[in-house]
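For reference, the chains in residue letters:
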Amino acid sequence: MDNAIKRIRERIAGACSRAGRSESEVRLIGATKGVNAERIRYAASCGLTDFGENYIQEAKEKIERFDEGVCWHMIGHIQTNKAKHIPKLFDYVHSIDRWELLEMMDKYGKSLKVLFELNLAGESSKHGTGEDNLKRMLEKAGELKHIEPVGLMTMPPFAENPEDVRAIFRRLKTLLQSVNREFSLHMSELSMGMSSDFEVAVEEGATMVRIGTAIFGERK
């Protein structure tokens, strides 16, 4: 696993070099769905400090076994009845796609950084909101006391050739710049890129990449 993490960091550095960026601008998040706490702890000992979970109950069992020093990201779809558990478990939430989630999380009273998930390809099998609903949420974001909007997230269709999804990554970056101007915001995070396409995502401006298989191998 140590070598896998090193190889990914080298590939991130190469993509940053090609794009004229610093590798320090990109946060490597280990996507740990189906990965047990012991393997996550080992990944942390190899220098990985950010981990992303998809399911609340699975995450809770792992997070409660860790000391501070690890940053937890919720990267999966959030069921409304589970939203109340998010603030006490996570530092970042990447998968906001409806206003009611923000209202429920804000009531908890803990500072939480959030990203809005966009379904830019319009896939019926994927979660995420559209641009119009994103803008409706951002219009009301000032009402929230404890929620800090920090960026956007997307998950493009799987493609054998990562170049086939470059346009989606580029579009997310353009959208971030557009809504920042329209709503006088300073969001800076772009969560995009997974094991199969993260280098292209980094070249297009990703600040967070969510890597599971390339670190932990195939999971059931």
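These numbers were taken from a predicted model, which means no experiment stands behind them.

## So, the packing of aromatic side chains
Summed over the entire model, instances satisfying the criterion amount to two aromatic pairs. Note on Phe51 and Trp72: the rings are 5.8 Å apart at their centroids and 40 degrees apart in plane angle, and the pair reads as tilted. Here the residue Phe51 occupies a position in strand S2 (residues 50–53), and Trp72 occupies one in strand S3 (residues 71–74), the gap between them amounting to 21 residues. As far as the burial class goes, Phe51 and Trp72 line up, both buried. Counting every residue linked through ring pairs, the aromatic cluster contains Phe51, Phe66 and Trp72. Positioned above the aromatic ring of Phe66 is the side chain of Arg41, whose terminal nitrogen or guanidinium carbon lies 4.4 Å from the ring centre.

## Concerning the pattern of salt bridges
Within this structure, the stated rule accounts for 18 salt bridges. Close ionic contact of Glu38 with Arg65 constitutes a salt bridge, the shortest N to O distance being 2.6 Å. Taken together, the residues Glu38 in helix H2 (residues 37–45) and Arg65 in the loop between helix H3 (56–63) and S3 connect sequence positions 27 residues apart. The class for Glu38 is partly exposed, based on a relative accessible area of 44%. The salt bridge partner of Glu204 is Arg166, with a shortest N-O separation of 2.8 Å. Of the two residues, Glu204 sits in the loop between helix H8 (198–203) and strand S8 (208–211) while Arg166 sits in helix H7 (residues 166–183), which places them 38 residues apart along the sequence. Grouping residues by exposure puts Glu204 and Arg166 together as buried. Connected through shared salt-bridge partners, Arg18, Glu163, Arg166, Arg170, Glu203 and Glu204 make up one network.

## Examining the pairing of strand S4 (residues 92–96)
Taking burial as the measure, the five residues of S4 include five buried ones, the bulk of the element. Judged from the two bridges that link them, S3 and S4 form a sheet pairing that is parallel. Looking at S4, one finds that Met74 is bridged to Val93. Of the pairings in the sheet, the one linking S4 to strand S5 (residues 112–118) comprises three bridges and is parallel in character. Its bridge partner being in S5, Tyr92 is matched across the sheet by Lys113. Taking the sense of rotation as the criterion, the β-α-β connection linking S4, helix H5 (residues 99–106) and S5 turns out right-handed.

Parameters at a glance
- Residues numbered from 1 in each chain as written.
- Predicted model: local features only at pLDDT ≥ 70, side-chain atom pairs only at ≥ 80, totals over all residues.
- Heavy atoms only, no water.
- Phe/Tyr/Trp six-rings, centres within 6.5 Å; stacked < 30°, edge-to-face > 60°.
- Helix = DSSP H or I, 4+ residues; strand = E, 2+ residues; numbered from the N terminus.
- Buried < 20%, exposed > 50% of the residue type's maximum accessible area, 1.4 Å probe, protein only.
- Lys NZ or Arg CZ within 6 Å of the ring centre and 35° of its normal.
- Salt bridge = Lys/Arg side-chain N within 4 Å of Asp/Glu carboxyl O.
- Pairing = 2+ DSSP bridges.
- Right-handed = clockwise from strand over helix to strand, strands pointing away.

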